[in-house]
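Inside the fold
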Amino acid sequence: MKLSKFSLLLALGLLLSVFMVACSSGDESSKDSGGDSDKGTEEKAAAEGEDVEQVLNLLESDTIPTMDVSMATDEIAFIYLGNTMEGLYRLGEDAKMTPGIAKDHTVSDDGLTWTFNLREDAKWSNGDPVTANDFVYAWQRAVDPKTGSEYGPYMMGGVIKNATKVNEGEMPVEKLGVKAKDDYTLVVTLEKPTPYFESLTAFGTFYPLNQKFVEAQGDKYATSSDTLLSNGPFVIKDWKSTSTSWNLVKNDKYWDAEAVNLNKLTFNVVKDPQVGVDLYEKGKVHRAGISSDLVDKYSSHDDFTITPEASLFYLKFNQTTSDALANVNIRKALSMSINKQALVDEVINNGSVVSNGFVPANFSFHPETGEDFREINGDLVTYDKEKAKELWEKGLKEIGKDKVSLEFLGGDGETTKIMNEYLANQMQSNLPGLDITLVQVPFEQRLEKDTNMDYQIQFSGWGPDYLDPYTWLNLWLTDGGNNKMGYSNPEYDKLVQSTVNELALEPVKRYEAFLEAEKILAEDAAVAPLYQSARAQLISPQYQGVINNPMGATYDYKWASVGAAE
């Protein structure tokens, strides 16, 4: 998922930014203490809720790019889709899979056929029942080339049988491997055994759609609150595609409405962290992101919280736009010229940590030894000013130039601008003859430029779409939907693709293939890893029960509540 995120969101998290997150990536917030609250706390909050108005007032870092599940690619969109929609399963605390529209499922011995038994009490917000046909329609729509979805073919291609052929126009959508055996039995046929398929069923691209409603709206579908239906805990109100404020209101038609404590959540877009903090101090909002320049001032505040995340931020080098970026030594020089420790300590300053690889720490563990992926492969791309200069001079000689001018594409949030300037300054200061021009645009425009490969160097980020290293390493496959920078290495492709083919059911060999692939990515300097994000925020003690997810919707408010004021 793309972070605004993941990059996006940065600012919030400080940085935030979103997630291209899985999407690069949102808002300002993060993990609350509430996300870790235990059942006792929740019961207490619920009890207190009888006397407390169950309304959370929150901020967001940017507008919502889309509310169409087939078109969403970024952290912000998936936050609101995840709280208004529900798939077969839903992530609960500690990323545990919990029943959603599916009560349970069975898997055939060969791992190819998954049969989901759906609950019969699930309804859309207009009262229509949620049926197996709603999943069939939504998944077919996601891979139908007429839809133009980026995530449909990306998430389903090579997973759901015939998804790629359908998307390439070689088969009709009816050939997609998803069928409704009856209204409440969904049968999914996979292209091959997929170790992470269950976690995919909790991701936004796999949510259902009410075909009759969507087709009745035509081109206006998902362009405003009036042209949307929900089957999740909340419905979105007072929203249209350009809105800078909107609300989520409890969905009384939701099958598990009794578990939903909040009656309403209000959101306002605030890009300036100081404005957000001022609103928090005045008691106007329950959560505010703390930017790097504010951390020292508020780090001793009773409500100051740092939440580690599984999102990575990095620089993408578009190898198709200049001979310089097509040169591996120049890309290595750019990667090694940035003091990342100073970046996280002095610029971001929100608990984020340096990233020297392409899979985050504390995300994936060796199936036999239990060792962390990051610990096994270690630091692959580190800051080395002298080595960077040496590689730079070598690269310039190879392309026959003594000067290079490049454009740097980044977001336009206040915190992000500071970081953009820092990164550009590091590269220019340490690499003689390099001139960088900053291009700073709103999140949605940056996503568009990424899709069109209309950039040279881009600050970007990603949040995982499922709980497996493949969500990170498939980003850079040749012609992959999120590659968008012209990178291609057949050896890398072979290793990564083996993890979803011949090694799919061999956990140890599969994991080792991931490890080797990451080393190739580092040697090619395809992208420059910068940092693994965290979020520094002020979070009200009243903000309780919010779950912070490592994939999909960053925040899940289904079980949230507003506790009593102290």
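Analysis parameters
Residues numbered from 1 in each chain as written. Predicted model: local features only at pLDDT ≥ 70, side-chain atom pairs only at ≥ 80, totals over all residues. Heavy atoms only, no water. Salt bridge = Lys/Arg side-chain N within 4 Å of Asp/Glu carboxyl O. Buried < 20%, exposed > 50% of the residue type's maximum accessible area, 1.4 Å probe, protein only. Helix = DSSP H or I, 4+ residues; strand = E, 2+ residues; numbered from the N terminus. UniProt positions renumbered as here; feature names shortened; annotations may be inferred. Pairing = 2+ DSSP bridges. Axes fitted to C-alpha atoms, helices over the stretch in contact; angles between N-to-C directions. Contact = heavy atoms within 4.5 Å. Domains from an automatic or database assignment. Buried area = accessible area lost by both parts, 1.4 Å probe. Polar contact = N/O pair within 3.5 Å; in protein donor to acceptor, adjacent residues only side chain to side chain.

Now for the pattern of salt bridges. Under the criterion given, the structure shown has 18 salt bridges. Across the pair E86 and R90 runs a salt bridge, and its minimum N-O distance is 2.9 Å. You'll find E86 and R90 in the same group, each marked buried. Of the charged contacts in the structure, one is a salt bridge between E518 and R374, with a shortest N-O distance of 2.7 Å. A residue pair is termed long-range when its members are at least 10 positions apart, and E518 in helix α19 (residues 507–524) and R374 in helix α13 (residues 373–377) qualify at 144 residues. For the pair E518 and R374, a shared accessibility class is recorded, and that class is buried.

UniProt records the feature "domain: Solute-binding protein family" (unreviewed entry) for residues 96–483 in the present numbering. Taken end to end, residues 96–483 has its terminal C-alpha atoms 30 Å apart, with 30% of it in helix and 21% in strand.

Every regular strand shows the same layout, with side chains that alternate between the two sheet faces. Judged from the 4 bridges that link them, strand β6 (residues 178–182) and strand β7 (residues 185–189) form a sheet pairing that is antiparallel. Pairing of D182 across the sheet is with T185, part of β7. Between β6 and β7, which follow one another and run antiparallel, lie 2 residues.

With that out of the way, let us pick up the sheet that holds strand β4 (residues 102–107). In any sheet, the strands associate via hydrogen bonds between backbone groups, in a parallel or an antiparallel arrangement. Taken together, 4 strands build an open sheet; the order of strands is β4-β5-β7-β6 and the sheet is antiparallel. At either end of the open sheet lies a strand with only one pairing partner, and these are β4 and β6. Taking each pair of neighbouring strands and ignoring which way they run, the sheet shows an average axis angle of 25 degrees. Pairing analysis gives 5 bridges linking β4 to strand β5 (residues 113–118), with the strands arranged antiparallel. Within β5, the residue paired with V107 across the bridge is W114. Its contacts with the sheet place helix α4 (residues 132–143) against β5, β6 and β7, and it is angled at close to 165 degrees to β6.

One widely used convention gives an interface's size as the accessible area the parts lose upon coming together. According to the domain assignment, the chain contains domain 1 (55–269 + 540–562) and domain 2 (308–534). Placing the centre of domain 1 and that of domain 2 at their C-alpha centroids yields a distance of 30 Å. Taken together, the contact between domain 1 and domain 2 spans 20 residues of the former and 22 residues of the latter. Between domain 1 and domain 2 the total buried area reaches about 1900 Å² when both faces are included, carbon and sulfur atoms providing 58% of it. Considering only the side of domain 1, the residues that lose the most area to domain 2 are E150, Y154 and Y196, jointly responsible for 31% of the buried surface there. Between the two partners, domain 1 and domain 2, sit 0 salt bridges. Summed over the shared surface of domain 1 and domain 2, the number is 4 residue pairs in polar contact (both at pLDDT 80 or more). Breaking the side of domain 1 that touches domain 2 down by element, the ones donating at least two residues are α5 (151–156) and α7 (197–200). With 3 residues, α5 is the largest single contributor of residues to the side of domain 1 that touches domain 2.

Next up on the list: the environment of A326. For A326, the location among the structural elements is in the loop between β12 (304–317) and α11 (328–336). Among the residues examined, A326 registers a relative accessible area of 44% and is labelled partly exposed. Along the primary structure A326 and A526 are separated by 200 residues, whereas in three dimensions their C-alpha atoms are 9.6 Å apart. With residues up to four places along the chain from it excluded, the contact list for A326 reads Q319 and R331.

For N231, the location among the structural elements is in the loop between α8 (211–217) and β8 (234–237). Given a relative accessible area of 1%, N231 falls into the buried group. Within polar-contact distance, the side chain of N231 engages the backbone nitrogen of E86 at 2.8 Å. Once residues within four sequence positions are removed from consideration, N231 is found in contact with T84, M85, E86, I101, K123, W124, V130, P208, N251 and Y254.

This next bit is on the sheet that holds strand β10 (residues 264–269). Across the sheet, 4 strands lie side by side as β1-β10-β9-β8; this open sheet has mixed pairing. With one partner strand each, in any of the chains shown, β1 (55–60) and β8 form the two edges of the open sheet. Between one strand and the next, the sheet's axes are offset by a mean angle of 20 degrees, whatever the strand orientation.

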